[in-house]
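Structural overview for review
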Amino acid sequence: MGDTVQLKDEGNKHFQAGELDKAIECYTKAIKGCKDKKVLAVIYRNRSACYLKKENYTNAASDASKAIDVDAADIKALYRRCQALEKLGKLDMAFKDVQRCATLEPKNKTFLETLRRLGADIQAKLKTTFSTDSRVQNMFDILFDEEMDKDKKEKAANNLIVLSREDAGAERIFQNNGVSLLLTMIETGKSEMVLAAVRTLSGMCTGHKARAMAIVNMVGVDKMCSIMAVDNEEIALATCNLFQCINDSLTGGDKREYGKEEALVLDASKDLKTILLSLLEMVASKKVSGHGRDQALNLLSKNVPRIDKKAADHSRTLFTIDNGLKKILKICGQVPELPDQLPLTDNTQLIASVLLTKLYDDLKCDPERNNFRDICDGYIKSKIDPNNMDSTIHAINTISGLLQGPFDVGNALVGHQGIMEMMVALCGSEREVDQMVAVEALIHSSTKMSRASFIITNGVSLLKDIYKKTKNEKIKIRALVGLCKLGSAGGDDYSLRQFAEGSTEKLAKQCRKWLCNPQIDNKTRNWAIEGLAYLTNDADVKDDFVEDEPAMKAMFELAKSKDKTILYAVACTLVNCTNCYEKKEIIPELVQLAKFSKQHVPEQHPKDKKDFIDRRVKRLLKAGVISALAVMVKADNSILTDQTKEMLARVFLALSEDPKDRGIIVAQGGGKALIPLALEGTEGGKVKACHALAKIASISNPEIAFPGERVYEVVRPLVNLLHTDRDGTQNYEALRGLTNLAGFSEKLRVKIVKENALPDLETYMFEENEQIRQAATECMCNLVTCKKVQERYLEDGNDRLKLLVLLCGEDDEKLQVAAAGALAMLTASEKKLCTKLTVVTTQWMEILQRLCLHSNSWIAHRGLVIVFNMLNSDDSELSKKLMESELLEILSVIGKAEDNPKRQEAIDAARGCLVKAMDLGLIKPFSTPS
């Protein structure tokens with residue numbers, strides 16, 4: 001018993017010291033050894049207080065209940081349980097507890113106030129509940145009323161969706177038989193009703209695990225799959241979003257505390273497995289539309305591979321490979337021109353290739369990769385049949401899909417005996433479809449030159465032969481792209497041109513001709529862009545292309561179309577035209593050494609110099625490249641890969657290099673298009689997008705460049721650019737962008753502070769580079785009106801205020817304007833800083849006098865405002881000290897000066913200081929004797 005009391009007392013000491021975890025530990029040990037019920041009740045009551053402080057309200061209520069079980073009149077336990085229940089949203093139960101407390105102590109003001117407040121909250125909640133219930137029913141009534149006009153139905157549907165996105169609203173819909181009514185809406189088959197129902201279900205499933213599980217079981221996974229399978233892009237996309245909301249809620253998107261029953265009731269593994277199997281079934285089902293198949297693949301791509309490769313569990317990937325890899329390969333092998341094929345969109349096969357890449361990259365070891373290859377190998381062998389040409393070209397098209405996805409797997413299959421020979425033989429087939437599939441496979445197999453020796457050796461002559469002999473435009477353009485690809489093997493190295501002088505330009509001219517021909521189908525025109533993506537490595541081709549405005553506009557229109565398979569080729573072409581690809585630094589000494597040892601030295605094309613690049617950028621902007629980029633950025637993540645995002649970010653950065661062009665970028669929606677690129681993608685891509693955002697934010701009106709709430713999304717990318725591992729230019733541009741945002745509104749200033757930008761800003765105020773130091777100080781000047789920033793300057797034990805004072809004494813006028821402005825605002829807001837200013841450095845008086853006497857009226861005005869703030873600081877000793885110094889003479893000289901529009905602000909400030917000094921009785925007005 002002694003140990004129990006001792007542990008309880010120890011827990012009390014820890015609680016009083018604020019050491020809550022240690023207190024809980026002591027109380028828990030005491031509970032285990034306690035036999036006395038009354039002492040046990042006290043310990044439970046004390047531990048309840050700890051849990052309350054830690055905001056663990058479920059445990060706090062539980063412990064308080066155990067104390068109440070021993071003594072029903074334990075007033076402390078009752079009140080603690082009341083507090084916990086209130087936080088858990090159980091207002092009626094909390095009200096009963098505080099009502100009991102008020103009965104026991106009728107004069108306790110705290111109990112009476114809580115009783116009154118909870119009573120009012122319950123009334124308000126009841127009012128909301130009843131009104132919400134009636135609103136929900138009213139909305140369903142309108143939706144099911146056949147005679148109701150369309151506008152009212154549309155409004156009711158939108159209201160239902162909005163209501164479902166609020167937790168209270170979602171719960172009311174759920175409790176009022178909402179799921180059954182939503183299913184009835186789906187059964188009508190009317191697209192607007194189905195859309196409204198699916199979107200409402202998405203809102204109800206978001207962030208609530210228990211409700212999401214209930215809806216999955218009430219609606220059924222098969223039913224949701226059948227909705228997604230319909231041939232309606234909007235419905236397929238909305239159902240995909242519903243599946244994603246369910247997945248997020250079941251895998252950790254719900255932060256609620258469910259207590260002990262969570263492990264028993266909320267085991268989501270079975271539901272997740274059912275969803276995964278159903279999606280894999282959809283992938284290869286003939287009953288599924290192309291749009292539905294795309295969304296099933298998108299869901300697999302987003303949720304199966306690990307997001308963080310450091311995570312240990314990749315069982316979902318292994319399960320998908322074992323149960324669904326052949327189904328994904330079946331999609332890659334589809335040839336739309338043949339009969340009896342699966343319904344596909346223009347994007348389906350590329351999405352499947354991207355999924356294959358993600359699955360393969362998620363594997364951890366060689367045995368797993370070998371299993372992946374063996375399944376692919378077995379699938380290809382099962383499809384190759386000399387007596388069935390359709391099956392054979394399905395196999396070749398599957399290899400094409402693998403070459404666009406996990407290239408190593410596809411390349412290994414191409415190397416198998418007989419595969420390449422079969423592709424060559426098919427090129428000579430009389431059937432158009434055989435030739436198309438074979439030529440496309442040849443093109444894809446030459447992707448990585450170093451690992452495609454056969455195609456390098458035999459490809460050019462084979463493709464030239466096809467190009468010359470065939471009269472079919474579709475085959476001709478594919479053969480030409482193959483030649484373009486092989487011809488661009490030297491990249492932008494002028495000395496490694498693969499073809500004779502002028503040949504590349506001829507190929508590019510033919511590509512542009514096809515691109516501009518609206519009579520040719522879009523898929524064939526897309527291949528023309530593929531050709532240009534390779535040929536624009538040549539600077540002559542780039543220059544010719546940007547001079548051909550119709551060709552550029554045709555490419556931009558195709559980039560905006562529904563077929564998103566072309567995004568990568570368009571991005572490559574734009575990267576080449578703007579020369580924003582990664583360039584190796586050429587060290588002159590190594591060049592000399594290479595020449596001496598007769599090694600190859602890369603040469604720059606004369607048209608790849610800066611003035612040519614600038615001219616190309618202007619031409620692209622004039623042709624409308626920004627509107628095309630803004631549409632491309634909105635593409636689905638499964639097609640808009642991280643590599644494509646990085647290329648788009650590079651293009652944006654190149655286009656925003658000249659400040660004069662940034663207005664065009666903003667006007668055509670480039671500012672908001674950059675935000676997603678800055679938040680998602682490769683590390684290099686995000687940095688490039690952040691840099692482009694910083695360039696735009698530094699000189700644009702934030703309200704126009706980033707309309708609405710988007711402006712708050714810009715802050716984090718800019719703060720990320722402040723990291724010390726970024727280069728000086730990026731730091732400087734980010735600081736200028738943040739300065740502009742900080743001068744715009746208090747909400748933006750608070751956002752900048754919340755994103756933890758202040759430590760980096762303060763570091764850069766010490767920077768040796770004058771431009772960076774000035775930009776950081778200007779940014780701080782715009783932030784000092786923020787309360788959090790003022791509090792940092794009030795803190796002791798740092799040199800923040802000292803640095804600001806010393807920066808006022810620097811010779812750089814722009815730096816002085818910023819530092820003195822910050823000091824003037826700080827001393828106006830916080831009177832304590834006026835006194836602190838005199839302690840941080842002995843040079844304060846000299847610096848202040850220099851500011852007041854400065855020839856720059858802006859700086860002088862700021863110095864005089866600081867003096868006024870010090871006189872107004874309620875520190876009589878400081879005011880006296882100022883008036884006993886040379887400052888009085890300085891103020892008198894400036895104050896007596898004649899009015900001058902150029903220096904009027906400074907003159908008025910000096911006069912204000914003298915009036916204040918007279919009010920304080922420190923000086924007397926000068927009067928002439930009569």
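Remember, predicted model here, so these are calculated numbers, not experimental data. (Residues numbered from 1 in each chain as written. Predicted model: local features only at pLDDT ≥ 70, side-chain atom pairs only at ≥ 80, totals over all residues. Heavy atoms only, no water.)

**Some thoughts on the overall build of the protein chain**
Of regular secondary structure, the protein chain possesses 54 helices and zero strands. Its C-alpha atoms put the protein chain at 115 × 80 × 65 Å along the principal axes. Residues counted as buried form 52% of the 930 residues belonging to the protein chain. A separation of at least 24 residues holds for 68% of the contacts in the protein chain among residues at least 6 apart in sequence. Carbon together with sulfur atoms contributes 51% to the accessible area of the protein chain, which is approximately 44900 Å² in total. Distance from the positive charge centre (132 side chains) to the negative charge centre (131 side chains) of the protein chain: 2 Å. (Helix = DSSP H or I, 4+ residues; strand = E, 2+ residues; numbered from the N terminus. Buried < 20%, exposed > 50% of the residue type's maximum accessible area, 1.4 Å probe, protein only. Contact = heavy atoms within 4.5 Å. Areas by Shrake-Rupley, 256 points an atom, 1.4 Å probe, with all protein chains shown as cover. Lys, Arg positive; Asp, Glu negative; His and termini not counted. Charge placed at Lys NZ, Arg CZ, Asp CG, Glu CD.)

**Some thoughts on helix H31 (residues 567–578)**
Helix length check: H31, at 12 residues, gives a terminal C-alpha distance of 16 Å against a target of 16 Å (1.5 Å per residue), a fit within 8%. Counted residue by residue, H31 has 11 buried out of 12 residues, so it is predominantly covered. Along H31, the positions that sit buried rather than exposed are Leu-567, Ala-569, Val-570, Ala-571, Cys-572, Thr-573, Leu-574, Val-575, Asn-576, Cys-577 and Thr-578. Those residues of H31 hidden inside the fold are in contact with helix H28 (522–535), helix H29 (539–547), helix H30 (549–560), helix H33 (610–623), helix H34 (625–633) and helix H35 (642–655). One or two positions beyond H31, positive phi appears at Asn-579, with a value near 50 degrees. (Expected span 1.5 Å × (residues − 1).)

**Things to note about the pattern of salt bridges**
Side-chain pairs of opposite charge can arise where the charged atoms are in close proximity. In total, this model carries 51 salt bridges according to the counting rule given. Among the ionic pairs, Glu-171 bridges to Arg-211, the shortest N-O distance being 2.6 Å. On the criterion of sequence distance, the pair formed by Glu-171 in helix H9 (residues 167–175) and Arg-211 in helix H12 (residues 209–219) is long-range, its members being 40 residues apart. One salt bridge in this structure joins Asp-362 and Arg-306, with 2.8 Å as the shortest N-O distance. Of this pair, Asp-362 sits in the loop between helix H19 (348–361) and helix H20 (366–383) while Arg-306 is found in the loop between helix H17 (290–303) and helix H18 (315–332), placing the two residues 56 residues apart along the sequence. A relative accessible area of 0% means that Asp-362 is categorised as buried. Put simply, Glu-683, Lys-686, Asp-725 and Arg-726 are held in one network by salt bridges that share partners. (Salt bridge = Lys/Arg side-chain N within 4 Å of Asp/Glu carboxyl O.)

**Things to note about empty space enclosed by the protein**
Taken as a whole and assessed by the stated rule, the structure comprises five cavities of 30 Å³ or more. Within this model, the second largest cavity holds a volume of roughly 110 Å³. Lining the second largest cavity, in full, are Phe-243, Gln-244, Asn-247, Leu-272, Ile-275, Leu-276, Leu-279, Leu-299, Leu-300, Asn-303, Val-304 and Arg-316. Listing elements by their share of the lining of the second largest cavity, those giving two or more residues are helix H14 (233–253), helix H16 (269–283) and H17. It is H16 that provides the largest number of residues to the lining of the second largest cavity, a total of four residues. Class assignment for the residues of the lining of the second largest cavity results in eight nonpolar, three polar and one charged. (1 Å grid on protein atoms, 1.4 Å probe; cavity = no way out; pocket = protein on both sides within 12 Å on 5 of 7 lines; lining within 4 Å. Points joined across faces, edges and corners; volume = space filled by probe spheres on them. Nonpolar A, V, L, I, M, F, W, Y, C, P; charged D, E, K, R; others polar.)

**Some points on the packing of helix H50 (residues 844–852) against helix H51 (residues 857–871)**
The relative placement of two packed helices is expressed as an angle between their axes plus a distance between the axes. Between H50 and H51, whose axes approach to 7 Å, the crossing angle comes to 130 degrees. Classed by the angle they form, the pair H50 and H51 counts as oblique. Touching Trp-844, Leu-848, Leu-851 and Cys-852 of H50 are Ile-859, Ala-860, Gly-863, Leu-864, Ile-866, Val-867 and Met-870, all from H51. When its residues are assigned to classes, the contact of H50 with H51 shows 10 nonpolar, one polar and no charged. (Axes fitted to C-alpha atoms, helices over the stretch in contact; angles between N-to-C directions. Parallel < 35°, antiparallel > 145°, perpendicular 65-115°, else oblique.)

**Quick look at the nonpolar core**
Counting 265 residues, the largest nonpolar core has Phe-372, Leu-515, Leu-629 and Leu-882 as the members making the most contacts within it. Setting aside its immediate chain neighbours within four residues, Leu-515 contacts Arg-525, Ala-528, Ile-529, Leu-532, Phe-545, Ala-551, Ala-554, Met-555 and Leu-558. (Core = buried A, V, L, I, M, F, W, Y, C linked by side-chain atoms within 4.5 Å.)

**Side note on the packing of aromatic side chains**
Both the distance between ring centres and the angle between the ring planes are used here to describe each pair of aromatic rings. For the structure on display, the rule yields two aromatic pairs. Each ring, one from Tyr-79 and one from Phe-111, has its centre 5.2 Å from the other, and the planes form 50 degrees; the classification is tilted. Here Tyr-79, found in helix H5 (residues 75–87), pairs with Phe-111, found in helix H7 (residues 109–144); they are 32 residues apart in sequence, far enough to count as distant. Just as Tyr-79 is buried, Phe-111 falls in that class too. Its end group placed over the ring of Phe-612, Arg-615 keeps NZ or CZ at 4.9 Å from the ring centre. (Phe/Tyr/Trp six-rings, centres within 6.5 Å; stacked < 30°, edge-to-face > 60°. Lys NZ or Arg CZ within 6 Å of the ring centre and 35° of its normal.)

**Looking at a negative patch on the surface**
Negative charge collects at one region of the surface, where Asp-149, Asp-151, Glu-154 and Glu-192 lie side by side. Note on Asp-149: relative accessible area 41%, which makes it partly exposed. (Patch = residues over 30% accessible without salt bridge, like charges linked within 9 Å, V, L, I, M, F, W, Y side chains within 5 Å.)

**Examining the environment of Met-765**
Its place among the elements puts Met-765 in the loop between helix H44 (758–764) and helix H45 (770–783). Take Met-765: its relative accessible area is 1%, and that puts it in the buried class. When the C-alpha atoms of Met-765 and Leu-674 are compared, they prove to be 28 Å apart, with 91 residues separating the residues in sequence. In contact with Met-765, other than residues within four places in its own chain, are Arg-773, Ala-776, Thr-777, Met-780, Tyr-793, Leu-803, Leu-804 and Leu-807.

**Points about the packing of helix H49 (residues 832–840) against H51**
The interhelical angle for the contact between H49 and H51, taken along N-to-C directions, is 110 degrees, at an axis separation of 8 Å. The orientation of H49 with respect to H51, classified from their angle, is roughly perpendicular. The handedness of the crossing between H49 and H51 is left-handed. In this structure, H49 contributes Cys-834, Leu-837 and Thr-838 to the contact, and H51 contributes Ile-866, Asn-869 and Met-870. For the contact of H49 with H51, a count of residues per class yields four nonpolar, two polar and no charged. (Left-handed = near helix turned anticlockwise from the far one by under 90°.)

**Quick notes on the side chain of Gln-816**
Position of Gln-816 relative to the elements: it lies in helix H48 (residues 813–829). A polar side-chain atom of Gln-816 sits 2.9 Å from the main-chain carbonyl oxygen of Cys-808. In contact with Gln-816, other than residues within four places in its own chain, are Leu-807, Cys-808, Glu-810, Asp-811, Gly-821, Leu-851, His-854 and Ile-859. (Polar contact = N/O pair within 3.5 Å; in protein donor to acceptor, adjacent residues only side chain to side chain.)

**Topic: the environment of Lys-309**
Within the secondary structure, Lys-309 sits in the loop between H17 and H18. Each C-alpha atom, one on Lys-309 and one on Asp-362, is 7.3 Å from the other, the two residues being 53 residues apart in sequence. If we ignore the near neighbours within four places in the chain, the residues touching Lys-309 are Asp-361 and Asp-362.

**With respect to the state of the cysteines**
Here a disulfide denotes a covalent bond joining the sulfur atom of one cysteine to the sulfur atom of another. Going through the model one piece at a time under the given rule, you end up with zero disulfides. Lacking any disulfide linkage, Cys-34 is separated from the closest cysteine sulfur, that of Cys-26, by 14 Å. Take Cys-245: it sits in no disulfide, and the sulfur closest to it among the cysteines is that of Cys-205, at 7.1 Å. (Disulfide = S-S within 2.5 Å.)

**Details of unusual backbone geometry**
Its identity as a non-glycine residue notwithstanding, Glu-55 has a phi of 65 degrees, on the positive side. With respect to the helices and strands, the residue Glu-55 is situated in the loop between helix H3 (37–53) and helix H4 (57–70). One non-glycine residue, Asn-579, adopts positive backbone phi at about 50 degrees. Along the polypeptide, Asn-579 turns up in the loop between H31 and helix H32 (588–596).

**Remarks on the side chain of Asn-537**
Its location among the elements puts Asn-537 in the loop between H28 and H29. A polar side-chain atom of Asn-537 sits 3.1 Å from the main-chain carbonyl oxygen of Tyr-534.

**Some remarks on the confidence of the model for the protein chain**
Residues at a pLDDT of 70 or more form 91% of the protein chain, whose mean pLDDT is 86. Predicted confidence for residues 258–265 stays below pLDDT 50, and this span has nine contacts to residues more than four positions away or in other chains. Across residues 490–500, confidence stays below pLDDT 50; counting only partners more than four residues off in sequence or on other chains, it has 29 contacts. (pLDDT = per-residue confidence, 0-100.)

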